[in-house]
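Commentary on secondary and tertiary structure
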Amino acid sequence: MPQILGGSQRVVDHEGLTIDELAGNVASSEDRISIALVRVANPSSEPWLTLDYDEWMCVLKGRMVLLYEDGKKELEVKAGETVYIEKGERVRPMFPDGGTEYIPVCLPAFRPDRCI
C-alpha cells in the first residue's frame, strides 16, 4: 500500500544555499536512501569530497561542473541531465553561475560521516 513517509525538512540554509530533504535520515528516518532538493543561489563551490555512498545528481535548473582526478578533468552537467558518482570517487562540485537547482539521490542515505 502506498504511504507518505514524511515531509520536506530544511537541513541547510546558509548564504544562498538551501537543502530541503524529502526523504532520508532527517525527513523520514530512512537510512537506505536520501532524496533532497538543493538550491544554489550564488556562484560557489564545495570542497573536495570522497563519497561513501552512490549519488545521482539530477540538474533541474542551471549547471554544475564536477572536477575529478584531482582537478585534472572536469564534467559539465546541464539542466535536464543526471550525473552518477560512484561510491569512493573523489569530486569537487562547482556552481559557476549560481541559480542552480538539483536533486541528489544517495544510496545509502546521506550522512555527514559518509562524506569525507
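That block above? That's the structure.
Everything in this summary refers to the structure shown in the same document. Please read all numbers here as calculations on a predicted model, not as lab measurements. (Residues numbered from 1 in each chain as written. Predicted model: local features only at pLDDT ≥ 70, side-chain atom pairs only at ≥ 80, totals over all residues. Heavy atoms only, no water.)

For the coordinates displayed, the defined rule picks out 13 salt bridges. Residue Arg63 is joined to Asp97 by a salt bridge in which the shortest nitrogen-to-oxygen separation is 2.6 Å. Of this pair, Arg63 sits in strand 7 (residues 63–68) while Asp97 sits in the loop between strand 10 (90–95) and strand 11 (100–107), placing them 34 residues apart in sequence. Through salt bridges with shared partners, a single ionic network connects Arg10, Asp13, Asp20, Arg39 and Glu101. (Salt bridge = Lys/Arg side-chain N within 4 Å of Asp/Glu carboxyl O. Helix = DSSP H or I, 4+ residues; strand = E, 2+ residues; numbered from the N terminus.)

Within the secondary structure, Ile103 is located in strand 11. The partly exposed category is assigned to Ile103, whose relative accessible area is 23%. Here the alpha-carbon distance between Ile103 and Leu60, two residues 43 residues apart in the chain, equals 7.4 Å. Apart from residues lying up to four places away in sequence, Ile103 is in contact with Ile35, Ala36, Leu37, Trp56, Met57, Cys58 and Leu60. (Buried < 20%, exposed > 50% of the residue type's maximum accessible area, 1.4 Å probe, protein only. Contact = heavy atoms within 4.5 Å.)

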